[in-house]
Amino acid sequence: GAVVSQHPSWVICKSGTSVKIECRSLDFQATTMFWYRQFPKQSLMLMATSNEGSKATYEQGVEKDKFLINHASLTLSTLTVTSAHPEDSSFYICSAWTGLYYYGYTFGSGTRLTVV
Amino acid sequence: RKEVEQDPGPFNVPEGATVAFNCTYSNSASQSFFWYRQDCRKEPKLLMSVYSSGNEDGRFTAQLNRASQYISLLIRDSKLSDSATYLCVVNTPTGNQFYFGTGTSLTVIP
């Protein structure tokens, strides 16, 4: 149990376009969703914390107007990379607390974004 | 000081070896601790939740030392398939924020 479904798994887009990434909690309610970015051979970096029904909290250095987060329901959070540029190419992963210590935090399968 | 600190390694060990990773945390009021495993180009997956009394799952043993504020992961009889990055995760006392260590890279060599 405690699965987060993330899609798309990978996407290639042209510079200047926007890309939306979705994360759905399938069998639990995710009041809070965390969005991470990971560059090759680097650790996960928290971008923002998304709370259902309220504005997301962004980490220092993350542009909120570029990375739009919407968490309209207890099972869906979206991250939209607006006006993507090649430097936005990265691995984006969402995560949510399952509510059970046994399961901990569960992650989506990640989205590999390549901007050309 | 970082919330969570981990030795990035890399650790290169022969098959069958025992290897241990430590992860220190700065907030003494932290309540929840986890070890995750991340394979290359994949999402992290929960390896073990860490309980106060310590817990074991097959070849893996997790320990919590509150006095010294660290958690440890011990892997016995290393297998080639154990090669991955191991991340420790520490929750804040409020429960709504958690911190990842930078990960420790392990390579098990034949």
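Structure: above.
Report on the accompanying structure. Keep in mind it's a predicted model, so treat the numbers as computed, not measured. In this convention, every chain numbers its residues from 1, walking through the sequence in written order. Here the convention is simple: chains get letters from A, ligands get numbers from 1, in the order in which they are written. The predicted origin of the model limits local features to residues at a pLDDT of at least 70 and limits the giving and counting of side-chain atom pairs to 80 or more, whereas totals for whole chains, interfaces and linings rest on all residues. Each side-chain value is worked out from all heavy atoms of the structure, with water and hydrogens disregarded.

### A few points about the state of the cysteines
Residues and elements named next belong to chain A.
Right, on to step 1. Disulfides are defined in this document as cysteine sulfur pairs within 2.5 Å. Taken as a whole, this structure holds two disulfides over all chains when the rule is applied.
Right, on to step 2. Each sulfur in the disulfide pair Cys23 and Cys94 lies 1.8 Å from the other. On the sign convention where negative means left-handed, the S-S torsion of about -95° between Cys23 and Cys94 marks this disulfide as left-handed. Taken as a pair, Cys23 in strand E3 (residues 19–25) and Cys94 in strand E9 (residues 90–97) lie far apart in primary sequence, 71 residues in all. The exposure classification of Cys23 matches that of Cys94, with both residues buried. A run of H or I in DSSP becomes a helix once it reaches four residues, and a run of E becomes a strand once it reaches two; helices and strands are each numbered from the N terminus. Whether a residue is buried, partly exposed or exposed follows from its accessible area with a 1.4 Å probe, protein chains only, as a fraction of its type maximum: under 20%, in between, or over 50%, in that order.

### Focus: the side chain of Arg37 of chain A
Right, on to step 1. Along the polypeptide, Arg37 of chain A turns up in strand E4 (residues 32–38).
Right, on to step 2. Sequence-distant contacts of Arg37 of chain A, that is, excluding residues within four places in its chain, are made with Ser43, Leu44, Met45, Met47, Phe67, Ser90, Phe91 and Tyr92 of chain A. In what follows, residue pairs with any heavy atoms lying within 4.5 Å of each other are defined as contacts.

### Looking at unusual backbone geometry
Right, on to step 1. The omega torsion across His7 of chain A and Pro8 of chain A is 5°, close enough to zero to call that bond cis.
Right, on to step 2. Structurally, Pro8 of chain A can be placed in the loop between strand E1 (4–7) and strand E2 (10–13).
Right, on to step 3. Here the residue pair Gly9 of chain B and Pro10 of chain B is connected by a cis peptide bond, since its omega of 5° sits within 30 degrees of zero.
Right, on to step 4. Relative to the elements of secondary structure, Pro10 of chain B occurs in the loop between strand E1 (4–6) and strand E2 (11–14).
Right, on to step 5. Here the phi dihedral of Ser83 of chain A falls at roughly 45°; this positive angle occurs in a residue that is not glycine.
Right, on to step 6. Along the chain, the position of Ser83 of chain A falls in the loop between strand E8 (76–81) and E9.
Right, on to step 7. With a relative accessible area of 35%, Ser83 of chain A lands in the partly exposed category.
Right, on to step 8. Even without being a glycine, Arg41 of chain B presents a positive backbone phi close to 65°.
Right, on to step 9. You can see Arg41 of chain B is positioned in the loop between strand E4 (33–38) and strand E5 (45–50).

### Examining the sheet that holds strand E8 (residues 70–75) of chain B
Residues and elements named next belong to chain B.
Right, on to step 1. The five strands are arranged E1-E3-E8-E7-E6 in an open sheet whose pairing can be described as antiparallel. At either end of the open sheet lies a strand with only one pairing partner, and these are E1 and strand E6 (55–57). Each neighbouring strand pair of the sheet contributes to a mean axis angle of 15°, computed without reference to strand direction.
Right, on to step 2. In terms of strand pairing, strand E7 (residues 60–65) meets E8 through six bridges, oriented antiparallel. Bridging from a neighbouring strand, Gln63 pairs with Ser72 of E8. Think of it this way: DSSP has to see at least two bridges between two strands before they count as a pair. Here the axes come from fitting lines to C-alpha atoms, over the contacting stretch only for helices, and the angles between their N-to-C directions go from 0 to 180 degrees.

### Some remarks on the sheet that holds strand E7 (residues 67–73) of chain A
Residues and elements named next belong to chain A.
Right, on to step 1. Overall, antiparallel pairing links the four strands, which are arranged E1-E3-E8-E7 in an open sheet. Among the strands making up the open sheet, the edge pair consists of E1 and E7. Within the sheet, the average angular offset between the axes of one strand and its neighbour, ignoring direction, is 15°.
Right, on to step 2. Sheet analysis places E3 next to E8, joined by six bridges and oriented antiparallel. Residue Cys23 lies in a different strand from E8, and its bridge partner there is Ser77.

### Describing the packing of aromatic side chains
Right, on to step 1. Stacked, tilted and edge-to-face pairs are distinguished by plane angle, under 30 degrees for stacked and over 60 for edge-to-face with tilted covering the rest, among Phe, Tyr and Trp rings (Trp via its six-membered ring) whose centres lie within 6.5 Å. In the structure shown here, the tally under the stated rule is 14 aromatic pairs over all chains.
Right, on to step 2. Between Phe21 of chain B and Tyr86 of chain B, the aromatic rings sit 5.4 Å apart at their centres with planes inclined by 35°, giving tilted as the arrangement. A residue pair is termed long-range when its members are at least 10 positions apart, and Phe21 of chain B in strand E3 (residues 19–25) and Tyr86 of chain B in strand E9 (residues 84–91) qualify at 65 residues. As far as the burial class goes, Phe21 of chain B and Tyr86 of chain B line up, both buried.
Right, on to step 3. Ring geometry for Tyr25 of chain B versus Phe33 of chain B: centroids 4.9 Å apart, planes at 50°, classification tilted. You'll find Tyr25 of chain B and Phe33 of chain B in the same group, each marked buried.
Right, on to step 4. Members of the aromatic cluster, joined through ring pairs, are Phe34, Tyr36, Trp97, Tyr105 and Phe107 of chain A together with Phe34, Tyr36 and Phe100 of chain B.

### Observations concerning the side chain of Asn55 of chain B
Residue and element names in this part refer to chain B.
Right, on to step 1. Looking at the secondary structure, you find Asn55 in strand E6.
Right, on to step 2. A relative accessible area of 17% places Asn55 in the buried class.
Right, on to step 3. N or O atoms within 3.5 Å of each other form a polar contact, as long as, within protein, one can give a hydrogen and the other can take it, and as long as residues adjacent in sequence are counted only when both atoms are side-chain atoms. Within polar-contact distance, the side chain of Asn55 engages the backbone nitrogen of Tyr51 at 3.0 Å.
Right, on to step 4. Each residue touching Asn55, except ones within four places of it in the same chain, is listed here: Met48, Ser49, Val50, Phe60, Thr61 and Ala62.

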